[in-house]
Amino acid sequence: MLEGLQGYATPALLTASTIWFLARAFGETTRLKHIPALGFSDPILSYWSALELHFDADGFMRRNWPKIKPGTKFVRIPGLIRWYVAGVGLEQFQDLTRAPDSILSNNEALDVYLHAKYTLHHEEIGDHIQVPAIQSNFNRSLGFLVPEVHDEAIAAFEGAFPLEGDEWKSFVVSPAVMKIIGQISNRALVGLPLCRNSAYIKLNIDFAVGVIIMSFVLTAVPNFLRRAVNRLTSPIPGRVKEVTAYLQPVIDARRAEKARLGDAYAPPIDLLTWLMEVAEENKRPDRDIILRMMSTNFGSIHTTSMSFTHALYSLLSRPQFIEPLRAEIEHCVQEHGWSKEAIDNMRLVDGFIKESQRVDIIGIIIGNRIAIQDTTMSDVFIPKGTMLTANVVEAHSNTAAWGSDAAEFDPYRFIKLEKETGRKIGIVSTSANSLSFGHGRHACPGRFFAAQELKLLLAHLLVNYDVKLDNKDQQRPKNMWFGMSCMPNPQARILLRKRQKN
């Protein structure tokens, strides 16, 4: 019976999808026709512009942004599925970041962008009740966690980069970095011994990849079919079951230990402890703890791995900065050991990574918000359902903000800016022109831990290893753009050996 219908189902699905997307494109273009577009404006030709952007997002933005007429406050950016509306000036960006969630919703945008209702189970955990715990407990515990993460970095590097003797050995960077980030992040998320369980770490990496893949799959079908398509094709429910098999025994063991010791119980200092407390306070089941842990792993593994790999490629293609960085790292460690204080004092390391985040962007837009009601911003009507965003390309290359050398990579840029302004400008600092961690109320809540993690990883690598690019010209591996997202080259290799000190 089903086999007989199969020949009709696929054309019918394609026809329904095409009609739905065309109707949506015409409807949204009509609602937003008062806002100028980058590229073609009408609903059909705009797909040509969307394809241009899809295959050369960075180039499309750099070619078309300067063409915006003076006085324009918002522009439309053509996506394959929808328009994105970006503010042109600082005032419009401030409108975006300051608007209350009752007008512009970060949650709704995440559901559209990642289909988080399905991929990250936001129907269950979209209230973000864990965010205050991450912000307060993580930041307060960094002094304890940094030595723990350094201990884990030693084990993680040895596992990901097995070396023998003093010979150079070639490694593909991307999978090794993801494994390292997954392991050291989970030292702070679930602690020992689970953070060293390679199968558990792989599950979380696979989950992060699965979220990205399913977000593309679900984008390709009309919204009225997404629940069914997700139920039939998504690997994520299986990942939840597999992760539960690892986390549930840990949760049960901690509860049993707390019941046995009573007031003498000293809970581990990690995210799992804090999520268990949040679940207890809000009368949530253990599944809630597990889903929030998986969601945190998605954020920590995916973006941190890309940021570190971008910074590594930028450093190895500029090897003249290796020795100045090493000198600073060794001085700080000699003074303070592998501690939070040492990491905080690594100002050149901080500046190098922040400059990499400025130049080596991971996407052309950030800070997405959905208008959940009709509103007016900077005297421009924004209809309900509009996706608003910020242009990272313009923000991070704006000569008014960064000077005439904005296109150049200068690892001393932020040290010089600190001297000029008298303000501390670290990785965690956000502004209208520094958007790697977002900005405003919805800036990444885990960025303080992520910053410590990134700096510690680079410091550990440079102090303990000699490293160089495994290519003939020692040029930075070419980034890979997929639509609006930019990934450091996943096939690039490095040469590594134990550090040979003179």
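- The name given to the chain in an unreviewed UniProt entry is Cytochrome P450, with Candolleomyces eurysporus as the source organism.
- Regarding the chain, the relevant UniProt record gives this comment under Cofactor (unreviewed entry): "heme".

Structural notes on unusual backbone geometry
Most of the time, phi is negative for any residue but glycine, and the peptide bond is trans.
Thought 1: With omega at 0 degrees, the peptide bond leading from Leu-192 into Pro-193 counts as cis.
Thought 2: On the secondary structure map, Pro-193 appears in the loop between helix 9 (173-189) and helix 10 (198-219).
Thought 3: Unusually for a residue other than glycine, Lys-283 sits at a positive phi of about 55 degrees.
Thought 4: Summarising the element assignment, Lys-283 is placed in the loop between helix 13 (271-281) and helix 14 (286-316).

Digging into the packing of aromatic side chains
Thought 1: Under the counting rule described, the total for this entry stands at 11 aromatic pairs.
Thought 2: The ring of Phe-414 has Lys-354 sitting right over it, with the charged end atom 5.4 Å from the ring centre.
Thought 3: The residue whose ring lies beneath Arg-358 is Trp-402, and the NZ or CZ to ring-centre distance is 5.5 Å.

What to know about helix 12 (residues 236-261)
Thought 1: If you check helix 12, its first and last C-alpha atoms are 37 Å apart, about what 26 residues at 1.5 Å a residue would give, namely 38 Å.
Thought 2: The largest bend along helix 12 reaches roughly 35 degrees and is located at Ala-245, with the proline Pro-249 sitting one to four residues downstream.
Thought 3: Those residues of helix 12 that sit buried are Ile-236, Val-240, Val-243, Leu-247, Ile-251 and Arg-254.
Thought 4: In this structure, the buried side of helix 12 is in contact with helix 6 (116-119), helix 10, helix 13 and helix 14.
Thought 5: Positive phi shows up at Gly-262, right after helix 12, with a value of about 65 degrees.

Notes on the environment of Pro-100
Thought 1: Looking at where Pro-100 falls in the secondary structure, it is placed in the loop between helix 4 (90-98) and strand 3 (104-105).
Thought 2: We classify Pro-100 as partly exposed; its relative accessible area is 38%.
Thought 3: For the pair Pro-100 and Arg-292, spaced 192 residues apart in sequence, the C-alpha to C-alpha distance is 24 Å.

What to know about the nonpolar core
Thought 1: Among the nonpolar cores identified, the biggest contains 98 residues, and Phe-138, Phe-161, Met-293 and Ile-494 are the most heavily contacted of them.
Thought 2: Looking at this core element by element, the count peaks at 12 residues for helix 14.
Thought 3: Sequence-distant contacts of Phe-138, that is, excluding residues within four places in its chain, are made with Ala-133, Leu-145, Ala-188, Leu-189, Leu-271, Trp-274 and Phe-449.
Thought 4: Counting 39 residues, the second-largest nonpolar core is a separate cluster that includes Phe-60, Ile-68, Tyr-84 and Ile-103.

Brief notes about helix 13
Thought 1: Most of helix 13 sits out of view: 8 of its 11 residues are buried.
Thought 2: Among all positions in helix 13, only Leu-271, Leu-272, Thr-273, Trp-274, Leu-275, Met-276, Val-278 and Ala-279 are buried.
Thought 3: Those residues of helix 13 that are buried are in contact with helix 8 (131-160), helix 9, helix 12 and helix 14.
Thought 4: Directly beyond the C-terminal end of helix 13, a positive phi value near 55 degrees is found at Lys-283.

Focus: the pattern of salt bridges
Thought 1: Tallied over the entire structure, the rule returns 35 salt bridges.
Thought 2: The partner of Asp-466 in a salt bridge is Arg-497, and the shortest N-O contact between them spans 3.1 Å. Of this pair, Asp-466 sits in strand 9 (residues 465-469) while Arg-497 sits in strand 12 (residues 493-498); the two residues are 31 residues apart in sequence, bridging distant segments of the chain.
Thought 3: Through salt bridges that share partners, Glu-148, Asp-151, Glu-152, Arg-187 and Arg-196 make up one connected network.

Some thoughts on a nonpolar patch on the surface
Thought 1: A contiguous nonpolar patch, built from Phe-40, Leu-45, Trp-48, Leu-51, Phe-55 and Leu-80 and spanning about 630 Å² of accessible area, is present on the exposed surface.
Thought 2: In this structure, Trp-48 sits in helix 2 (residues 46-55).
Thought 3: Residue Trp-48 is classed as exposed on the basis of its relative accessible area of 53%.

Brief notes about the side chain of Ser-295
Thought 1: By the element assignment, Ser-295 lies in helix 14.
Thought 2: A relative accessible area of 17% means that Ser-295 is categorised as buried.
Thought 3: Ignoring sequence-local partners within four residues, the contact set of Ser-295 consists of Leu-120, Ile-125 and Phe-207.

The rules behind the values
- For every chain, the first residue of the written sequence is number 1, and numbering continues from 1 onward in sequence order.
- Residue-level local features of this predicted model are given only where pLDDT is at least 70; pairs of side-chain atoms are given and counted only at 80 or more, and the full residue set underlies all totals for whole chains, interfaces and linings.
- To obtain the side-chain values, all non-hydrogen atoms of the structure were used and water was disregarded.
- UniProt positions are given in the numbering used here, feature names are shortened, and annotations may be inferred rather than shown by experiment.
- In this description a helix means any DSSP run of H or I spanning at least four residues, a strand means any run of E spanning at least two, and both kinds are numbered starting from the N terminus.
- Here is the rule: rings of Phe, Tyr and Trp (six-membered ring for Trp) pair when centre to centre is within 6.5 Å. Planes less than 30 degrees apart are stacked, more than 60 are edge-to-face, and the remainder are tilted.
- Criterion for a charge above a ring: Lys NZ or Arg CZ within 6 Å of the ring centre, and within 35 degrees of the ring normal.
- Multiplying one less than the number of residues by 1.5 Å gives the expected span of a helix.
- Two axes are fitted around each residue, one to the seven residues ending there and one to the seven starting there, and the angle between them is reported as the bend at that residue.
- Residue exposure (1.4 Å probe, protein chains only): buried if accessible area is under 20% of the type maximum, exposed if over 50%, otherwise partly exposed.
- Every residue pair with non-hydrogen atoms within 4.5 Å of one another is taken to be in contact.
- Throughout, nonpolar core names a set of buried Ala, Val, Leu, Ile, Met, Phe, Trp, Tyr and Cys residues whose side chains join them through atoms within 4.5 Å.
- Whenever Lys or Arg places a side-chain nitrogen within 4 Å of a carboxyl oxygen from Asp or Glu, that contact is recorded as a salt bridge.
- Patch members must show over 30% relative accessible area and no salt bridge, and they are joined within 9 Å when carrying like charges or within 5 Å when they are nonpolar side chains of Val, Leu, Ile, Met, Phe, Trp or Tyr.
- Accessibility throughout is a Shrake-Rupley quantity obtained with a 1.4 Å probe, and a residue counts as covered only by protein chains that appear here.

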